[in-house]
Every structure is written in C-alpha cells, then in structure tokens.
Amino acid sequence: MRPGGVALALLGLIFGATTAAQAAELRVCADPNNLPFSNAKGEGFENKIVALVAKDMNATVVYTWWAQRRGYVRNTLKSGLCDLWPGVATAVDMLATSRPYYRSSYVFVTRADRHIRITSYDDPQLRKLKIGVQMVGNDAMNTPPAHALARRGIIDNVRGYMLYGDYQKPNPPAAIMDAVAKGDIDVAVVWGPLAGYFATKEPAALTLTQVTPAVDGAQWPMQFDISMGMRRHEPEFKEKIEAILENERPRIDAILARYHVPRTDMRATISSAALTGDAAHHSDGKILSRVAK
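Residues numbered from 1 in each chain as written. Predicted model: local features only at pLDDT ≥ 70, side-chain atom pairs only at ≥ 80, totals over all residues. Heavy atoms only, no water.

Draft legend 1. Region of the structure containing the pattern of salt bridges. Taken as a whole and assessed by the stated rule, the structure comprises 14 salt bridges. In this structure, R27 and D83 form a salt bridge, with 2.9 Å as the shortest nitrogen-oxygen distance. Linking R27 in strand 1 (residues 25-30) with D83 in the loop between helix 3 (72-75) and strand 5 (85-89), this pair joins segments that are 56 residues apart in sequence. A residue is classified by how much of its surface remains accessible, and R27, at 26% relative accessible area, is partly exposed. As a salt-bridge pair, R151 and D216 come within 2.8 Å of each other at their nearest N and O atoms. Of this pair, R151 sits in the loop between helix 4 (144-150) and strand 9 (158-162) while D216 sits in strand 12 (residues 215-216), and the two are 65 residues apart along the sequence. With a relative accessible area of 48%, R151 lands in the partly exposed category. Residue classification places D216 among the buried residues on the basis of a relative accessible area of 4%. (Salt bridge = Lys/Arg side-chain N within 4 Å of Asp/Glu carboxyl O. Helix = DSSP H or I, 4+ residues; strand = E, 2+ residues; numbered from the N terminus. Buried < 20%, exposed > 50% of the residue type's maximum accessible area, 1.4 Å probe, protein only.)

Below you can see the structure in the form of structure tokens.
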C-alpha cells in the first residue's frame, strides 16, 4: 500500500473510533429534583423518554444535573457540558428545538368535593376565591397565569408558589398541589403535567380543568408544545433526535399516559380515563381528569 493510502486508512480508523466514542454517550442536562419531569434517580417521565432515545442511538445516557434556575442554558448546553435538554418549550429563542412530542395546558385544580367549576380567568368566582399560582420571581418573568390574573386586577386574593421551591425538600414544585388538597387555597392554576402527576399523590380527590382559551389576550399562551432542546447549528444531531422521537411516538405516548400528563395535541389518542388511571370525568373536553381516591 502506498504511504498516502496507509495515512488515509489510519485517519479513517481514528475518525471511526472518535465517532463511535461520541455515539456511545448521550449527554443530557436535567434537573435532579423536578418530578414528574426528572430527578437524579431517573424516576421522571423525561428520564424515561431520554432512555428510549439513548437505546435507539445505542448510547448510554450521561447526565449533567443542574437545577433549572436562571442561567440554566448558559451553564449547561452552551457551555458544552451536555448536548440535549428534554422538555423545553418548542421554538424557544435561545435553542434549536425538535418537533414537539406532546402539547399540554395550564389547568385549574380544585378539590372534587368542593364542586367548583372554573374554565376561564373571566369567571367571577375568581374574585372571591383564594387562588394559587406558580411564580418564577420578578413580574416580567412570571408565569402566564400570574399575568392573566394580574391584568384583570385579581391580585389581593392570589398566593404565589415558587416553581423553584425549597431544594432541601423533595419535589418542591408540588407545594401548590398540597395547598389545594389541604384546603389552604380554593383553586390553583398549574402547568398540566405537574398537576396531573401530583393529583394522584394527594389524599383528597382533585379535579383538573383545562384553562380556556388557549391564549389569554394578545400574548399569554396557556398551552405549549414541548420539544427536545439542543444547540443551534447541529442539524444532523437534531434530525437524528427527531427521527427517534417520531419512531418512538407510541411508547412516548404510553409514558406520558402513565404519568397522567393532560394532552391537548391533536395527535393524542389517550382518553381522559387513561390520564388518571383511576376515575375520570369528561365534559366538552374541558375537564381533563378527576382523580378519585
């Protein structure tokens, strides 16, 4: 073999080994204490979906655990510590995102025995009830429900529950669901996947009712498509992830059903009964689930 041929062969071996090593790991950034999405024990539904993706890539999942605070993307994906962030809102500005693998909604959460039926922020009952909302921090960064209530002047009877919570305790975002079950508040507005999962853990039966309409005013969406996030300018990696998500769609749908994730995407075929795994009530598509104890 000519020297040039030997050199090319060696280069091919080196390149092949490097590619194989890279393919052997799927580097994922996730929150270690954020059920039902993820935790360090791998118990969240995003953990389960990532495991499916890694299996199809013939790769091992390697996590970078980082609490989802401000600076999360800068300190994880953009710093090169990981390559994939599951469970990000589709088309978020700072990342490339895959095609969505589910869509969910904010929901009103009430105790079933209270028989409180609310579907809209314009319901006059909201001016008299004690309301819980998920909060982020300063007003400009707050959640859409917090803004929707504030723009109607519904402020004095609203109690905020931090999305970040006390990280010394397990499942800090679940505090808002606990408050409804205990009767500390009358109604809460909660992101659907969190509400669906923790409703099954509470001692009292809870009703989850979809917030309508899907967009409040001109700028506050109450529903979001959810995707996998990754760095921009990595089209081959994005295409691979999208192909796997499409191929694994039935298994992903089954995982989301097991975690009682309320679905509003048109392709969802999961019934309300499957969402709760217990008893369910359907009324014009608005009541997503009634979790019976």
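Having seen the model, we can carry on.
Draft legend 2. The layout of surface pockets, seen in detail. Taken as a whole, the largest pocket encloses approximately 1500 Å³ of empty space. What lines the largest pocket is a set of 45 residues, among which Q68, W85, A89, V136 and L163 lie closest to the centre. When contributions to the lining of the largest pocket are tallied by element, the ones reaching two or more residues are strand 1, strand 2 (33-34), helix 2 (45-56), helix 3, strand 5, strand 7 (102-111), strand 13 (220-221) and strand 14 (223-230). A total of five residues in the lining of the largest pocket trace back to one element, the largest contributor, which is strand 5. Partitioning the lining of the largest pocket into residue classes produces 28 nonpolar, eleven polar and six charged. (1 Å grid on protein atoms, 1.4 Å probe; cavity = no way out; pocket = protein on both sides within 12 Å on 5 of 7 lines; lining within 4 Å. Points joined across faces, edges and corners; volume = space filled by probe spheres on them. Nonpolar A, V, L, I, M, F, W, Y, C, P; charged D, E, K, R; others polar.)

Draft legend 3. Representation of the environment of K201 within the structure. Checked against the element boundaries, K201 lands in the loop between helix 6 (192-199) and strand 11 (206-210). Relative accessible area serves as the criterion here: at 52%, K201 is assigned to the exposed category. When the C-alpha positions of K201 and D178 are compared, they lie 9.3 Å apart, and in sequence the two are 23 residues distant.

Draft legend 4. Quick look at the side chain of D265. Structurally, D265 can be placed in the loop between helix 8 (249-258) and helix 9 (272-276). Relative accessible area serves as the criterion here: at 11%, D265 is assigned to the buried category. Residue contacts for D265: discarding those within four places in its chain leaves Y102 and R103. (Contact = heavy atoms within 4.5 Å.)

Draft legend 5. Structural view of the packing of helix 2 against helix 7 (residues 235-247). For the pair helix 2 and helix 7, the least separation of the axes is 10 Å and the interaxial angle reads 110°. When the axes of helix 2 and helix 7 are compared, the pair comes out roughly perpendicular. Note that helix 2 runs across helix 7; the crossing there is right-handed. Across the interface between the two elements, I49, V53 and D56 from helix 2 touch I241, I244, L245 and N247 from helix 7. Here the contact of helix 2 with helix 7 is composed, by residue class, of five nonpolar, one polar and one charged. (Axes fitted to C-alpha atoms, helices over the stretch in contact; angles between N-to-C directions. Parallel < 35°, antiparallel > 145°, perpendicular 65-115°, else oblique. Left-handed = near helix turned anticlockwise from the far one by under 90°.)

Draft legend 6. Seen up close, the side chain of R263. When you line up the elements, R263 lands in the loop between helix 8 and helix 9. A polar contact of 2.8 Å, which involves the side chain of R263, links it to the side chain of D265. (Polar contact = N/O pair within 3.5 Å; in protein donor to acceptor, adjacent residues only side chain to side chain.)

Draft legend 7. Region of interest: the environment of H233. By the element assignment, H233 lies in the loop between strand 14 and helix 7. Considered as a pair, H233 and L95 are 138 residues apart in the sequence and their alpha carbons are 9.7 Å apart.

Draft legend 8. Expanded view of the packing of aromatic side chains. By the definition in use, this model includes ten aromatic pairs. Seen from their ring centres, Y63 and W65 are 4.3 Å apart, and the 15° between their planes marks the pair as stacked. Residue classification places W65 among the partly exposed residues on the basis of a relative accessible area of 31%. Ring geometry for Y197 and Y259: centres 5.8 Å apart, planes at 20°, overall stacked. Remark: Y259 occurs in the loop between helix 8 and helix 9 and Y197 occurs in helix 6; sequence separation between them is 62 residues. According to the relative accessible area criterion, Y197 is buried, its value standing at 13%. Put simply, the rings of F37, F45, Y101, Y102, Y197, F198 and Y259 touch in pairs and so form one group of aromatic residues. (Phe/Tyr/Trp six-rings, centres within 6.5 Å; stacked < 30°, edge-to-face > 60°.)

Draft legend 9. Structural view of the nonpolar core. Core analysis: the biggest nonpolar cluster contains 65 residues, and L26, V109 and M177 have the highest contact counts within it. Not counting residues up to four positions away in its chain, the partners in contact with M177 are V109, V190, L194, A195, F198, A199, E202 and L206. Listed in part, the eight residues of the second largest apolar core include V73, L77, C82 and L95. (Core = buried A, V, L, I, M, F, W, Y, C linked by side-chain atoms within 4.5 Å.)

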